[in-house]
Amino acid sequence: MSDVVIKTDEQIALMRESGKLLAQVFVMLDEVVKPGMSTMKINNLVDQFITHELNARPASKGQYGYQYALNSSINDVVCHGMPSDAQVLTDSDIVNFDITLEKNGYITDSSKMYVMPNASDAAKQLVSVTQQAMWQAIKLVKPGARLGDIGHIIAKIAHQNGYSVVREYCGHGIGQQMHEAPDVLHFGKPNTGLKLQSGMTFTIEPMINQGSAKTITKADGWTVVTKDKRLSAQTEHTILVTDTGFEVLTLRPEEAPWMAD
């Protein structure tokens, strides 16, 4: 627990501002992402919007030597896909855009699946279940809950639907650093793991595969794909543990129904 940064009220206010700005990036993307667009064009729009419209910084750019403002993970790409001029969205793709934003020294992290108009019913179902798993996990967040509870509900929902959970990548604490303690696994046993306490901020970001959980990292050193080439989906928010429960710092306007469920 000593490595976990408990945020002060002042730090939480800065995290909240960063999260609201990041939510605006996805509102912008909702209007522009469509078949025929290259992922590099989308990256450039995000970079420009964060920098010029929001007066903030794309936090992934330059982190660990990464060059871009987002990760673009299409179909069988699990995570860390790199944008490319040659990578053009088709009308049957599903794609995850994973974006981090830093404002006034504090970072938030979120990702969203975009489902193209002619994506298969199976692809839509995978995306829906992934969203459901993340939200059911978020709703368990409160002081005294444990990280094992979060991982357990995600894996339970995935397995009930015939899917697998990627184990090599996980959520993480976040604040002045993109990756802080603790690790937030997407599998686990109930009533085990670190106890949550008010002031903690971390991401929940399950990666759920249609087939096997096994992954391969491509030769570029970044792009992670499913070993069996079947689809993968991910969704992510930055969460604050409050005195009474949780606050989704990166909440987007269209997600109100998830909060009301």
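Quick caveat, the model's predicted, so the values are computed rather than measured.

Explain the state of the cysteines to me, and be specific about the residues and the numbers.
Counted according to the given criterion, the structure contains zero disulfides. Summary of cysteine pairing: Cys79 is not part of a disulfide, and the nearest cysteine sulfur, belonging to Cys170, is at 11 Å. Given the relative accessible area of 2%, Cys79 is considered buried.

Which residues make up the packing of helix α1 (residues 9–32) against helix α2 (residues 39–53), and what values do they have?
Interaxial distance between α1 and α2 falls to 11 Å at its minimum, and their mutual angle equals 140°. Classified by the angle their axes make, α1 and α2 are oblique. Seen from above, α1 lies across α2 with right-handed handedness. Of the residues in α2, those touching α1 at Gln24, Val25, Met28, Leu29 and Val32 are Ile42, Leu45, Val46, Phe49 and Ile50. Among the residues forming the contact of α1 with α2, the class breakdown is nine nonpolar, one polar and no charged.

Break down the sheet that holds strand β12 (residues 224–226) for me, with residues and values.
Read across the open sheet, the three strands follow the order β3-β12-β11; overall the sheet is antiparallel. Only two strands of the sheet have a single partner each, and these edge strands are β3 (77–79) and β11 (215–217). Taking each pair of neighbouring strands and ignoring which way they run, the sheet shows an average axis angle of 40°. Sheet analysis places β11 next to β12, joined by three bridges and oriented antiparallel. Opposite Thr215, over in β12, you have Thr226 as the bridge partner.

Could you give an account of the side chain of His172, with specific residues and numbers?
Mapped onto the fold, His172 is located in strand β7 (residues 171–173). Residue classification places His172 among the buried residues on the basis of a relative accessible area of 6%. In this structure the side chain of His172 is engaged in a polar contact, spanning 3.3 Å, whose partner is the side chain of Asp109. There is a polar contact of 3.2 Å between the side chain of His172 and the side chain of Glu205.

Kindly report on the environment of Glu53, identifying the contributing residues and their values.
Among the secondary structure elements, Glu53 is positioned in helix α2. For Glu53, a relative accessible area of 59% puts it in the exposed group. The spatial distance from the C-alpha of Glu53 to the C-alpha of Ile94 is 27 Å, given a sequence separation of 41 residues.

Explain the nonpolar core residue by residue, including any values.
Counting 35 residues, the largest nonpolar core has Val141, Ile150, Leu196, Phe202 and Ile204 as its most contacted members. Breaking this core down by element, the ones donating at least two residues are α3 (121–138), α4 (147–160), β9 (201–204) and β14 (237–241). Counting residues per element, this core draws most heavily on α3, at nine residues. For Ile204, the contacting residues outside a window of four places in its chain are Met134, Ala137, Ile138, Val141, Ile150, Ile154, Val184, His186, Thr235, Glu236, His237 and Ile239. Leu21, Met28, Ile74 and Leu101 belong to the second largest nonpolar core, which has 24 residues in total.

Which residues make up the sheet that holds strand β6 (residues 164–165), and what values go with them?
In spatial order, the strands read β6-β10-β13; together these three strands make up an open sheet with antiparallel pairing. The open sheet has two edge strands, β6 and β13 (232–234), and neither has a second partner. Summarising the sheet, strand β10 (residues 207–209) and β13 pair through three bridges and their orientation is antiparallel. By the bridge assignment, Met207 is partnered in β13 with Gln234. Of the strands in this sheet, β10 and β13 touch α3, which is tilted by about 35° from β13.

Any chance you could break down the pattern of salt bridges for me, citing the residues and the numbers?
Scanning the entire structure with this criterion turns up eight salt bridges. For Lys61, the salt bridge identified is with Asp47, shortest N-O distance 2.6 Å. One end of the pair, Lys61, is in the loop between β1 (57–58) and β2 (70–74); the other, Asp47, is in helix α2, with 14 residues separating them in the sequence. The buried category is assigned to Asp47, whose relative accessible area is 16%.

Cut-offs used in this document
Residue numbers run consecutively from 1 along every chain, following the written order of its sequence. Where local features are concerned, this predicted model is filtered to residues with pLDDT of at least 70; where side-chain atom pairs are given and counted, the filter is 80 or more; whole-chain, interface and lining totals use all residues. Computation of side-chain values: all heavy atoms of the structure, hydrogens and water removed. A pair of cysteine sulfur atoms is labelled a disulfide when the two atoms are within 2.5 Å. Only protein chains enter the accessibility calculation, which uses a 1.4 Å probe. A residue is then buried if its area is under 20% of the maximum for its type, exposed if over 50%, and partly exposed in between. Lines are fitted to the C-alpha atoms to define the axes, a helix being fitted only along its stretch in contact, and any angle between axes, read from their N-to-C directions, falls within 0 to 180 degrees. Secondary structure follows DSSP: runs of H or I at least 4 residues long count as helices, runs of E at least 2 residues long count as strands, and numbering of each begins at the N terminus. Here the word oblique covers every angle except those under 35 degrees (roughly parallel), over 145 (roughly antiparallel) and from 65 to 115 (roughly perpendicular). Definitions for this section: a left-handed crossing has its near helix turned counterclockwise from the far helix by less than a right angle. A right-handed crossing has that turn clockwise. In what follows, a contact means two residues having at least one pair of non-hydrogen atoms within 4.5 Å. Residue type decides the class: Asp, Glu, Lys and Arg count as charged, Ala, Val, Leu, Ile, Met, Phe, Trp, Tyr, Cys and Pro as nonpolar, and the leftover types, Gly among them, as polar. Here the rule is simple: two strands pair whenever DSSP picks up at least two bridges between them. Polar contact criterion, stated in full: a pair of N or O atoms within 3.5 Å, where within protein one must be able to donate a hydrogen and the other to accept it, and residues adjacent in sequence count only if both atoms are side-chain atoms. In this text, buried Ala, Val, Leu, Ile, Met, Phe, Trp, Tyr and Cys residues form a nonpolar core when linked through side-chain atoms within 4.5 Å. Salt bridges are identified by distance alone: a Lys or Arg side-chain nitrogen within 4 Å of an Asp or Glu carboxyl oxygen.

All quantities given are derived from atomic positions and should not be read as evidence of function.
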